[in-house]
Amino acid sequence: MPEFASCLSVKAFLNMCGLKFQTELRTNAEFMSPSGKVPFVQIGPLLVSEFDPIVSVANAKGHSLSSHLTDEQRADMKAYISMVQTTLVNSLHYLLWLDKETLELVTKPRYGSPYKWPLNKFIPLMKKREITKLLSSSGWAKKSSEEVYEEVKKCCQMLSDRLGDQMYFFGSKETELDAFVFGHLFTVLTTNLPSSQLAEIVQKHGNLADLCRRIHEEHFKDLQKDS
């Protein structure tokens, strides 16, 4: 789920830039990535992984969504992206790997499904250890579910306040922040989990839900037709 959100954020960014790309699904994508994380893109012989480095490479090649922003606005944009990265990504990892019901009913079956026994049992176990270590290093592993939901509420409230009644976070033009937020909130809104509490938090903010709907309709029309 966090990996899907990251991939969707990059797809949204590339679509917003008008850049053409092809998507390939690989069961060993994490092992192919230079950082061990998805998404990654191949540009000629170059492999670039994760949202920020991919954006940086696109910017270096003349494709930017934030060139019209002031230095102060760019700093604000990076701060909001960092907040989403810290809060939403950690909360998704927590719910998928540390919430027992979600782990057993959703995470283990999905994460192990590409592999045959015994890898379908072993690989989810190794991933759980990796995520638990990651969350422990940032203090998130010690949080209760209620505390995690509270963090998400605060994050969504700040995003909603920043968006206000604008089309996008910095006015009438899309930026990297819109792509990044869309990828993560749309994933939350459209993924079936044993508890719908996370999606309900997002849905309480109509302007955030509308932003997701607007970007989806504008940049993922083919996906809409297939659904």
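Described below are features of the structure shown in this document. (Residues numbered from 1 in each chain as written. Predicted model: local features only at pLDDT ≥ 70, side-chain atom pairs only at ≥ 80, totals over all residues. Heavy atoms only, no water.)

1. Concerning the overall build of the chain
Formally: Under the DSSP-based scheme used, a helix requires at least four consecutive residues in state H or I and a strand at least two consecutive residues in state E, with every element numbered from the N terminus. Between buried and exposed lies partly exposed: a residue is buried under 20% and exposed over 50% of the maximum accessible area for its type, with that area taken using a 1.4 Å probe on protein chains only. Note on contacts: a residue pair is in contact if any heavy atoms of the two residues lie within 4.5 Å.
A count of helices and strands for the chain gives 11 helices and 2 strands. Along the chain, helices (α) and strands (β) appear in the sequence α-α-β-β-α-α-α-α-α-α-α-α-α when read from the amino end. Along the first, second and third principal axes, the C-alpha atoms of the chain reach 50 × 45 × 40 Å. In the chain, which comprises 227 residues, the proportion classed as buried is 43%. Across the chain, every contact between residues at least 6 apart in sequence was considered, and the portion connecting residues at least 24 apart equals 69%.

2. A word on the environment of Cys17
Within the element layout of this structure, Cys17 appears in helix H1 (residues 2–17). The spacing of Cys17 and Pro124 is 107 residues in sequence and 35 Å in space, taken between C-alpha atoms. Every residue in contact with Cys17, bar those within four places of it in the chain, is listed here: His63 and Leu65.

3. So, the packing of aromatic side chains
For clarity, the threshold we go by: Paired rings are identified among Phe, Tyr and Trp, the last through its six-membered ring, by centres lying within 6.5 Å, and are further divided according to the angle between planes into stacked (under 30 degrees), edge-to-face (over 60) and tilted (the rest).
Summed over all chains, the structure comprises 5 aromatic pairs. Between Phe51 and Phe180 the ring centres are 4.9 Å apart and the planes differ by 55 degrees, which places this aromatic pair in the tilted class. Note that Phe51 is positioned in helix H3 (residues 51–60) and Phe180 in helix H8 (residues 176–190), a separation of 129 residues in sequence. Accessibility classification places Phe51 together with Phe180 in one group, the buried group. Here the aromatic rings of Phe182 and Phe220 are separated by 5.4 Å at their centres, their planes lie at 25 degrees, and the arrangement is stacked. Highlighted residues: Phe182 in helix H8 and Phe220 in the loop between helix H10 (206–219) and helix H11 (221–226), separated in sequence by 38 residues. What makes Phe182 buried here is its relative accessible area of 0%.

4. With respect to a nonpolar patch on the surface
Threshold: Exposure above 30% relative accessible area and the absence of a salt bridge qualify a residue for a patch, where like charges join within 9 Å and nonpolar side chains (Val, Leu, Ile, Met, Phe, Trp, Tyr) within 5 Å. Working definition of accessibility: Shrake-Rupley area with a 1.4 Å probe, residue cover restricted to the visible protein chains. Just to be clear on terms, a salt bridge is a Lys or Arg side-chain nitrogen sitting within 4 Å of an Asp or Glu carboxyl oxygen.
Among the surface-exposed residues, Leu119, Phe122 and Met126 lie close enough to one another that they form a single nonpolar patch of about 280 Å² accessible area. With respect to the helices and strands, the residue Phe122 is situated in helix H6 (residues 119–137). A relative accessible area of 45% means that Phe122 is categorised as partly exposed.

5. A word on the nonpolar core
Our working rule: Here, the term nonpolar core denotes a set of buried Ala, Val, Leu, Ile, Met, Phe, Trp, Tyr and Cys residues that are joined through side-chain atoms within 4.5 Å.
Ranked by size, the top nonpolar core spans 59 residues in total, and within it Phe13, Leu159, Phe169, Leu177, Val181, Phe182 and Leu185 carry the most contacts. Those elements giving two or more residues to this core turn out to be H1, H3, helix H4 (71–97), H6, helix H7 (145–163), H8, helix H9 (197–203) and H10. Considering every element that reaches this core, the biggest residue donor is H4, with 11 residues. Not counting residues up to four positions away in its chain, the partners in contact with Phe13 are Phe51, Val55, Ala58, His63, Leu65, Glu176 and Ala179.

6. Structural notes on the pairing of strand S1 (residues 40–43)
To keep it simple, the criterion reads: Strand pairing requires that DSSP identify at least two bridges connecting the strands.
Pairing of S1 with strand S2 (residues 46–49) involves 4 bridges; the strand directions are antiparallel. Across the sheet, residue Gln42 finds its bridge partner in S2, namely Leu47. Adjacent in sequence and paired antiparallel, S1 and S2 are bridged by 2 residues, among which Gly44 carries a positive phi angle near 65 degrees.

7. Thoughts on the side chain of Ser160
The condition that has to hold: Whenever two N or O atoms come within 3.5 Å, that pair is a polar contact, provided that in protein one can donate a hydrogen and the other can accept it, and provided that, for residues adjacent in sequence, both atoms are side-chain atoms.
Secondary-structure assignment places Ser160 in helix H7. A polar contact is formed between the side chain of Ser160 and the side chain of Asn207, at a distance of 2.9 Å. Residues within four places of Ser160 in sequence aside, it is in contact with His205, Asn207 and Leu208.

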